[in-house]
Amino acid sequence: MFQWFHRLASLKNFYRLAEIITPWLAVLCAILLAVGLYRGLVVAPTDYEQGESYRIIYVHVPSAWMSMFVYMVIAFCSAIYLVWNMKLADIVAQASAPMGAAFTFLALATGSLWGKPMWGTWWEWDARLTSELILLFLYIGYMALRGAFENSAAGAKAAAILALVGVVNIPIIHYSVEWWNTLHQPASITKFDTPSIHISMLIPLLMMALGFKLFYLVNMFSRTRSMILEREASTSWVRNRAQENNL
Amino acid sequence: MLEAFNAVLNRDLRLAMRRRGDWVNPLVFFVIVISLFPLGVGPDTELLRQIAPGIIWVASLLATLLASETLFRADFDDGSLEQLVLSSQPLSVLVLAKVLAHWLITGLPLLFLSPLVAVVLQLQGRSIPALMASLLLGTLTLSLVAAIGAALTVGLRKGGVLLALLVLPLFIPVLIFGSSSVLAVEGGFPVQAHLSMLGALFLLSLALAPLAIAASLRIIYE
Amino acid sequence: MKEFLAMGGYAFYVWTSFGLTFVVMTAIVLSSIYQRRQAINSVKRQAAVARQRADQKNSL
């Protein structure tokens, strides 16, 4: 196990591994997104309460899930980086942050677009949207802190500590916002949720969610490979592959 | 260990007495921000009473943030921060002493000013004990959290705005439970639940923040 | 088809959501491709500089 871990941690091996699996993931991702879109937009029946507007969940919910998932990835990688000083973990965290912020933005924007016809307003201080907004602030802070350091190693360490502080705070923020929400709002508001959802609606949702996850993985692998190239530009394996025109 | 803790605490308190601007300015800022709100929303007594807990808490957040910027700055500039990091004593204990000293000179005075601003904002007299209790627990937590941000940004030339960006989202739970404890008393509800949540937040930050602060300071001198 | 595009009167909200998602995801892909191109260029440039240095050393 540990040996396997070590081998993966080598930037050269990871570069090669990502090179092999990325195309397969990309194909699978395209299929899932295409079928999920078709089944979500065309095949799935109309919701009897929300009408056709419920179809927004097919992009909103996967984005919201990814916004959390990517932050967890960043926090996990940050812990590994701080404990074992594993460069790969830092690169993955760095490559993931802008995408996590993009998914958070999408979750907010599509949530607001769903809210206009349902709540009658573009922005409701709903617990889930508010938590998502705070998550966006955390992402922005993470990227800003990393960018502010001229010494990139110090910036990486500082960003990793911030990510861990953030991940301890996320559940606290989430529950305090939820509590605040029930304190200040009448319970009659329709919750932006996927409760008693029919199976014909659920399957496209799961396909879209998996498609989004693969989409993230494909781009994360690609970005991680680019960052590995830049960091390892002077090593012999990169030089050799550059000579063979096979980067 | 306790001796080292006391030594840092005494030194910081004595230095703070000399650098008056560091702790007087955030207090003045607190009072000015609070007096801006009635000018902005109008002098309607009922409205002011409703939003007073929120205003006082937001102003405390901003004052703590402003004050925390100077927490490590002077020590970083004159090199005594490096001495602290290199010392044989556990760094998290030493930074805890620094944060406590900083809270005593910037957070505690907010507590004593709060009855005054509560009266100005038309809060009922019976809310004042709850306001002070929530501020006691809340500003301690805020100082600890803000210190993490201050430690992460102390080596940077333009740390100020970045510090706000990092730390303000982390202040949100304290803001929620702090202002709601005052609102609870205003509405005639029991306040224990809110205060015990603030207490829990304080204990959690007391346990974890010194570790994060120490780790952040070590980065600078690696 | 027309009915499908109308989305039961929610056309604007549904299509804006999906359109926005499409735009953002396309931007992510494009920026991944751009980063890759930048990385390859920088490796090639550094390799060329190294080769030049080696040649100079040999000719001396």
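Look above for the structure.
Residues numbered from 1 in each chain as written. Chains lettered and ligands numbered in written order. Predicted model: local features only at pLDDT ≥ 70, side-chain atom pairs only at ≥ 80, totals over all residues. Heavy atoms only, no water.

K.L.:
Please explain the interface of chain A and chain C as it appears in this structure.
P.N.:
By a frequent convention, interface size equals the accessible area lost on bringing the separate parts together. Facing the 41 residues of chain A at the interface are 31 residues of chain C. Both sides together, the interface formed by chain A and chain C hides about 3,000 Å², and carbon and sulfur atoms give 74% of it. Considering only the side of chain A, the residues that lose the most area to chain C are L41, L113 and R223 of chain A, jointly responsible for 17% of the buried surface there. At the boundary of chain A with chain C, the tally comes to zero salt bridges. Here chain A and chain C share six residue pairs in polar contact (both at pLDDT 80 or more) between them. Partitioning the side of chain A that touches chain C into residue classes produces 25 nonpolar, nine polar and seven charged. (Contact = heavy atoms within 4.5 Å. Buried area = accessible area lost by both parts, 1.4 Å probe. Salt bridge = Lys/Arg side-chain N within 4 Å of Asp/Glu carboxyl O. Polar contact = N/O pair within 3.5 Å; in protein donor to acceptor, adjacent residues only side chain to side chain. Nonpolar A, V, L, I, M, F, W, Y, C, P; charged D, E, K, R; others polar.)

K.L.:
Where do I start with the layout of surface pockets in this structure?
P.N.:
Once rolled over the atoms, a probe with the size of a water molecule shows which space is left empty. A volume near 780 Å³ is recorded for the largest pocket. Lining the largest pocket are 34 residues, and of these F149, N151, S152, A154 and G155 of chain A sit closest to its centre. Elements supplying a minimum of two residues to the lining of the largest pocket: α4 (87-119), α5 (127-148), α6 (152-184) and α7 (199-231) of chain A together with α10 (192-220) of chain B. Classifying every residue of the lining of the largest pocket by side-chain character gives 16 nonpolar, eight polar and ten charged. (1 Å grid on protein atoms, 1.4 Å probe; cavity = no way out; pocket = protein on both sides within 12 Å on 5 of 7 lines; lining within 4 Å. Points joined across faces, edges and corners; volume = space filled by probe spheres on them. Helix = DSSP H or I, 4+ residues; strand = E, 2+ residues; numbered from the N terminus.)

K.L.:
How should I be thinking about α5 of chain A in this particular structure?
P.N.:
Note on helix geometry: an α-helix contains 3.6 residues per turn, so any two residues three or four positions apart are oriented the same way. Taking 1.5 Å per residue, 22 residues should reach 32 Å; α5 of chain A reaches 32 Å between its end C-alpha atoms and fits that length. Looking at where α5 of chain A begins, the residue whose side-chain oxygen comes 3.1 Å from the main-chain nitrogen of R128 of chain A is D126 of chain A. (Expected span 1.5 Å × (residues − 1).)

K.L.:
What exactly am I supposed to notice about the pattern of salt bridges here?
P.N.:
A side chain with one charge may pair with a side chain of the opposite charge, provided their charged atoms come close. Across all of its chains, the model carries twelve salt bridges over all chains by this definition. The shortest N-O distance in the salt bridge between R55 of chain A and E52 of chain A comes to 2.7 Å. Across this residue pair, the class does not change: R55 of chain A and E52 of chain A are buried. Here D12 of chain B ties to R11 of chain B by a salt bridge, and the two come within 2.9 Å at their closest N and O atoms. With a relative accessible area of 31%, R11 of chain B lands in the partly exposed category. (Buried < 20%, exposed > 50% of the residue type's maximum accessible area, 1.4 Å probe, protein only.)

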